[in-house]
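So you can see what is in the structure, the chains are spelled out below.
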Amino acid sequence: MNETAPPRSGGRAQGGRAMTTPQQTTIAFIGLGIMGAPMAGHLIDAGYDVVGFNRSRPAVDRLVERGGRAAQSVAEAVRDADVVITMVPDSPDVEGLAFAEEGIYASAKPGTLYIDCSTIRPDVARRVAAAGADRGIRVVDAPVSGGEAGAKEGSLSIMVGGEAEDVEAARPYLDVVGATVVHVGPPAAGQTVKAANQLIVAGNIQLLAEALVFLEAHGVDTESATTVLGGGLAGSAVLNRKAAGMRAREFAPGFRIDLHHKDLGIVTAAAREAGVAIPLGAHVAQLVGALRAQGHGGLDHSALLLLVEQLSGRDQRD
């Protein structure tokens, strides 16, 4: 469960440390996509001064309409920020933002708190944290789970890695966008837990897809079936959030196959490095890769159902 966030009124905390109001805190938010845009919006709604940067300008314009401010570059976004939050697709994106000539570490002031909410390789997270410490930047890895719906609702689950003091400094901002914020260990621990999360989610979606095709083959009403399954041990957040769309064959992306393919690559590589067997996870990773190779990378990861239909000879697109 969340710990109580530090007070957001003016004054001083215990020990005499000065506290700032949201209006006195500037947050640079970089990466305003499916997840980042609603997260940045919640921070604006909470009263923070949010400066946004994104590779495509329309996302920044929408942030400004919400009440944020626009930056023309990463350097401009972070130069006067107290907190920097990034939500970008992959490890190279985070490395580029952190280490570029006019990136975060070259442009942010010492003492800046850097919260990376992207999902990246644990080894990259460790390197980013170490390099930040060398430059006087406090770094926290805080990948999120909950998909687009969780981002919009402000109900994300956030697994946080970093030094305890830095994690506590990050908590007020994470509490705005997440319902479950847990410090899971030292730098990169958050990314390791997120890798495990993606392993579990992929397995659940695959089994749900198989169950739905199985039920349909036997002529069972799948809406009734998923209702009763959701009330028993088979119930899960995946079933609650994904079953209706899968029954309707609606795969508008909440979390794209392309991204889950990337994440399962992180899982399989990290498992191999640790000497851990993940036979089911490795198989699901192959299925996700196969679906992506068929050109479905832009669909929601629940589109694994399409592959089950194909393997079962029940492809409804034929």
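You'll find the structure just up there.
Residues numbered from 1 in each chain as written. Predicted model: local features only at pLDDT ≥ 70, side-chain atom pairs only at ≥ 80, totals over all residues. Heavy atoms only, no water.

### Details of the pattern of salt bridges
For step 1, the next point in the chain: Here the structure, examined in full by the defined rule, presents 15 salt bridges.
For step 2, the next point in the chain: In this structure, Asp45 and Arg66 form a salt bridge, with 2.6 Å as the shortest nitrogen-oxygen distance. Here Asp45, found in helix H1 (residues 36-45), pairs with Arg66, found in helix H2 (residues 57-66); they are 21 residues apart in sequence, far enough to count as distant.
For step 3, the next point in the chain: Ionic pairing is found between Lys242 and Asp300, a salt bridge with its closest N-O pair at 3.0 Å. (Salt bridge = Lys/Arg side-chain N within 4 Å of Asp/Glu carboxyl O. Helix = DSSP H or I, 4+ residues; strand = E, 2+ residues; numbered from the N terminus.)

### Quick word on the pairing of strand E3 (residues 26-30)
For step 1, the next point in the chain: Most of E3 sits inside the fold, with five of its five residues counted as buried.
For step 2, the next point in the chain: Of the two faces of E3, the one holding Thr26, Ala28 and Ile30 and the one holding Ile27 and Phe29 are both buried throughout.
For step 3, the next point in the chain: Relative to strand E4 (residues 49-53), E3 is paired through five bridges, and the arrangement is parallel. Its bridge partner being in E4, Phe29 is matched across the sheet by Gly52.
For step 4, the next point in the chain: Tracing the backbone out of E3, into H1 and back to the parallel element E4 gives a crossover that is right-handed.
For step 5, the next point in the chain: Taken together, the four bridges between E3 and strand E6 (residues 83-86) define a ladder with parallel strand orientation. Bridged to Ile30 within E6 is Thr86. (Buried < 20%, exposed > 50% of the residue type's maximum accessible area, 1.4 Å probe, protein only. Pairing = 2+ DSSP bridges. Right-handed = clockwise from strand over helix to strand, strands pointing away.)

### Thoughts on the nonpolar core
For step 1, the next point in the chain: Counting 33 residues, the largest nonpolar core has Met39, Leu43 and Ile115 as the members making the most contacts within it.
For step 2, the next point in the chain: Among the elements of the structure, E3, H1, H2, E6, strand E7 (113-116), strand E10 (156-161) and helix H8 (164-177) are those that each provide at least two residues to this core.
For step 3, the next point in the chain: In terms of residues, this core owes the most to one element, H8, which gives six residues.
For step 4, the next point in the chain: Excluding residues that lie within four positions of it along the chain, Met39 makes contacts with Phe29, Met87, Cys117, Val144, Ala151, Leu156 and Val177.
For step 5, the next point in the chain: With 27 residues, the next largest nonpolar core counts Val51, Ala77, Ile120 and Val139 among its residues. (Core = buried A, V, L, I, M, F, W, Y, C linked by side-chain atoms within 4.5 Å. Contact = heavy atoms within 4.5 Å.)

### Quick look at unusual backbone geometry
For step 1, the next point in the chain: With a phi angle near 85°, Ala188 is a residue other than glycine that sits in the positive phi range.
For step 2, the next point in the chain: Assessed through its relative accessible area of 1%, Ala188 is described here as buried.

### Quick notes on the packing of aromatic side chains
For step 1, the next point in the chain: Under the counting rule described, the total for this entry stands at three aromatic pairs.
For step 2, the next point in the chain: When the centroid spacing of 6.3 Å and the interplanar angle of 85° are considered together, the rings of Tyr105 and Tyr114 count as edge-to-face.
For step 3, the next point in the chain: We classify Tyr114 as buried; its relative accessible area is 0%.
For step 4, the next point in the chain: An aromatic cluster of at least three residues, connected via ring pairs, comprises Phe99, Tyr105 and Tyr114. (Phe/Tyr/Trp six-rings, centres within 6.5 Å; stacked < 30°, edge-to-face > 60°.)

### Topic: the pairing of E4
For step 1, the next point in the chain: Among the five residues in E4, four count as buried, and that is most of the element.
For step 2, the next point in the chain: The parallel pair E4 and strand E5 (residues 69-70) is bridged by H2, and the resulting crossover is right-handed.

### Looking at the side chain of Asp166
For step 1, the next point in the chain: Examined against the element boundaries, Asp166 turns out to sit in helix H8.
For step 2, the next point in the chain: No salt bridge is formed by the buried Asp166. Its closest oppositely charged neighbour is Arg138, at 4.4 Å.
For step 3, the next point in the chain: Look past the residues within four positions of Asp166 in its chain and what remains in contact with it is Leu113, Arg138, Val139 and Val140. (Lys, Arg positive; Asp, Glu negative; His and termini not counted.)

### Notes on the environment of Glu163
For step 1, the next point in the chain: Following the sequence through the fold, Glu163 ends up in the loop between E10 and H8.
For step 2, the next point in the chain: Taking C-alpha positions, Glu163 is 24 Å from Glu273, a pair spaced 110 residues apart along the chain.
For step 3, the next point in the chain: Apart from the residues lying within four places of it in its own chain, the contact partners of Glu163 are His183 and Pro187.

### Things to note about H2
Because an α-helix completes one turn every 3.6 residues, residues spaced three or four positions apart along the sequence face the same direction.
For step 1, the next point in the chain: Every buried residue belonging to H2 is among Ala59, Val60 and Leu63, and all of these are buried. The buried residues of H2 all sit within an arc of 100° when viewed along its axis, so they share a single face. Residues of H2 that are exposed and angled more than 90 degrees away from the buried face: Arg62 and Glu65.
For step 2, the next point in the chain: The secondary structure elements touched by the buried residues of H2 are H1, E4 and E5.
For step 3, the next point in the chain: Backbone geometry just after H2 places Gly67 at a positive phi near 125°. (Arc of directions from axis to C-beta.)

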